[in-house]
Amino acid sequence: MIKTITEHDVLKFVYEKTSNSSLENEIIKNDNLLNEFVELEKAKGLLDVLSLEPSKSTIDSILNYAKY
Amino acid sequence: MVKYDVSNDATLVAAYKEGSEDAFAKLLDKYKNKVYTKIYLIVKDQFLAEDLLQEVFIKVIDKIKSGTYNEEGKFGPWVVRIAHNLAIDNFRKAKRYPTIHPENEDLMFNTLALSEDSAEELRIKEDTTNKLKTLIELLPQNQKEVLLMRHYADMSFQEIAESTGVSINTALGRMRYALINLRKKFDQVNNVYDKNNYRT
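Remember, predicted model here, so these are calculated numbers, not experimental data.

1. Considerations on the interface of chain B and chain A
Accessible area lost when the parts come together is the quantity often used to give the size of an interface. The interface is formed by 47 residues belonging to chain B together with 31 residues belonging to chain A. Across the chain B to chain A interface the summed buried area is about 3900 Å²; carbon plus sulfur atoms make up 68%. Its largest share of buried area at the contact with chain A, chain B owes to B:His151, B:Arg176 and B:Arg183, together 16% of the area lost on that side. At the boundary of chain B and chain A, one finds 3 salt bridges. One salt bridge connects B:Arg176 with A:Glu36, and the closest N-O pair in it is separated by 2.4 Å. The interface formed by chain B and chain A contains 14 residue pairs in polar contact (both at pLDDT 80 or more).

2. Topic: the layout of surface pockets
Any empty space left between atoms is shown by rolling a water-sized probe over those atoms. The volume enclosed by the second largest pocket comes to roughly 330 Å³. Along its surface, the second largest pocket is lined by 16 residues, and B:Asn33, B:Lys34, B:His151, B:Tyr152 and B:Asp154 are the ones closest to its centre. Elements that contribute at least two residues to the lining of the second largest pocket include exactly strand E1 (50-52) of chain A together with helix H2 (21-43) and helix H6 (141-152) of chain B. Considering every element that reaches the lining of the second largest pocket, the biggest residue donor is H2(B), with 5 residues. Of the residues belonging to the lining of the second largest pocket, the class tally is 5 nonpolar, 4 polar and 7 charged.

3. A closer look at the nonpolar core
Formed by 74 residues in total, the largest nonpolar core has its most connected members in B:Val35, B:Ile39, B:Val56, B:Phe57, B:Phe75 and B:Leu147. Here this core takes 12 residues from H2(B), the largest share from any one element. For B:Leu147, the residues in contact, after removing those within four places along its chain, are A:Leu47, B:Ile136, B:Leu139, B:Tyr152, B:Met175, B:Ala178, B:Leu179 and B:Leu182.

4. Here we look at the packing of aromatic side chains
Summed over the entire model, instances satisfying the criterion amount to 9 aromatic pairs over all chains. Ring centres 5.3 Å apart and planes at 55° place the aromatic pair A:Tyr68 and B:Tyr16 in the tilted group. On the criterion of chain membership, the pair formed by A:Tyr68 in the segment after helix H4 (56-66) and B:Tyr16 in helix H1 (residues 9-17) is interchain, its members lying in two chains. Taking the relative accessible area as the measure of exposure, A:Tyr68 reaches 49% and is therefore partly exposed.

5. What to know about the environment of B:Val60
Residue and element names in this part refer to chain B. Among the secondary structure elements, Val 60 is positioned in helix H3 (residues 46-66). In this structure, the C-alpha to C-alpha distance between Val 60 and Ile 136, residues 76 residues apart in sequence, is 32 Å. Other than its neighbours up to four places away in sequence, Val 60 contacts Phe 75, Trp 78, Val 79 and Ile 82.

6. Quick notes on the pattern of salt bridges
Residue and element names in this part refer to chain B. Scanning the model with the defined rule gives 14 salt bridges over all chains in all. Between Lys 32 and Asp 29 there is a salt bridge; the shortest N-O distance is 3.8 Å. Placement of the pair is Lys 32 and Asp 29 together in helix H2, with a separation of 3 residues, close to one helical turn. Across the salt bridge formed by Asp 154 and Lys 34, the nearest N and O atoms sit 3.5 Å from each other.

7. With respect to unusual backbone geometry
For B:Asp154, which is not glycine, the phi torsion reads 55° and is therefore positive. Summarising the element assignment, B:Asp154 is placed in the loop between H6 and helix H7 (157-164).

Parameters at a glance
Residues numbered from 1 in each chain as written. Chains lettered and ligands numbered in written order. Predicted model: local features only at pLDDT ≥ 70, side-chain atom pairs only at ≥ 80, totals over all residues. Heavy atoms only, no water. Contact = heavy atoms within 4.5 Å. Buried area = accessible area lost by both parts, 1.4 Å probe. Salt bridge = Lys/Arg side-chain N within 4 Å of Asp/Glu carboxyl O. Polar contact = N/O pair within 3.5 Å; in protein donor to acceptor, adjacent residues only side chain to side chain. 1 Å grid on protein atoms, 1.4 Å probe; cavity = no way out; pocket = protein on both sides within 12 Å on 5 of 7 lines; lining within 4 Å. Points joined across faces, edges and corners; volume = space filled by probe spheres on them. Helix = DSSP H or I, 4+ residues; strand = E, 2+ residues; numbered from the N terminus. Nonpolar A, V, L, I, M, F, W, Y, C, P; charged D, E, K, R; others polar. Core = buried A, V, L, I, M, F, W, Y, C linked by side-chain atoms within 4.5 Å. Buried < 20%, exposed > 50% of the residue type's maximum accessible area, 1.4 Å probe, protein only. Phe/Tyr/Trp six-rings, centres within 6.5 Å; stacked < 30°, edge-to-face > 60°.

Purely geometric numbers; function is a separate question.
Set out below in structure tokens:
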């Protein structure tokens with residue numbers, strides 16, 4: 001049975017990047033899936049500019065506690 | 001100066017056990033954002049998340065220093081588990097539904113600046129940060145939640161589905177819409193900005 005590749009499969013591929021050459025080939029061969037892949041990758045790339053992180057003072061407190 | 005393989009947590013933990021504070025700093029740097037985000041997603045209060053983050057790593061430090069840390073488990077999942085349990089315990093003790101306080105509604109997103117960024121590149125990144133931050137806040141709550149869980153807390157789609165009580169397809173759908181909406185709106189905002197700059 002041939003599995004139809006969906007946009008959700010493309011999303012999982014973007015985020016989980018599992019080595020799956022058959023999925024990659026399907027994406028490359030299908031214009032709609034390729035467009036989907038490109039758009040999702042661009043959006044993911046935008047989010048990579050941001051980081052959700054704690055303050056420096058919190059990190060310094062932890063590092064201070066970690067000292068021997 | 002001893003260089004450690006930062007990809008190998010076991011090496012770093014062993015080095016810290018032997019007294020290398022630098023090794024611990026590397027471990028902390030590797031996991032701080034993911035653990036912080038996981039806590040924040042439960043408690044929905046960035047100041048409380050910071051306090052709990054400290055508690056998590058105090059437990060981690062005490063466990064390693066005492067020699068009772070069991071190397072059979074992986075370091076990363078272990079720390080995340082501690083964080084999850086602490087956050088849930090705190091939530092239960094508080095006995096209140098978590099709400100975002102008005103004064104700290106904005107997530108503390110920072111710009112991921114690289115040391116080799118020029119001043120202009122940094123300005124562009126900060127501009128992008130401000131726009132993205134606004135756009136993320138404007139996403140529907142369920143899309144924002146999935147986006148934060150997947151992209152910043154590094155949870156799998158399966159974990160997100162279980163955590164939010166929806167099917168994996170629903171979780172995937174929300175994430176897909178979040179990314180597509182974000183990208184479209186970001187392009188719109190940038191186009192408006194460019195048109196305004198070039199108006200005569």
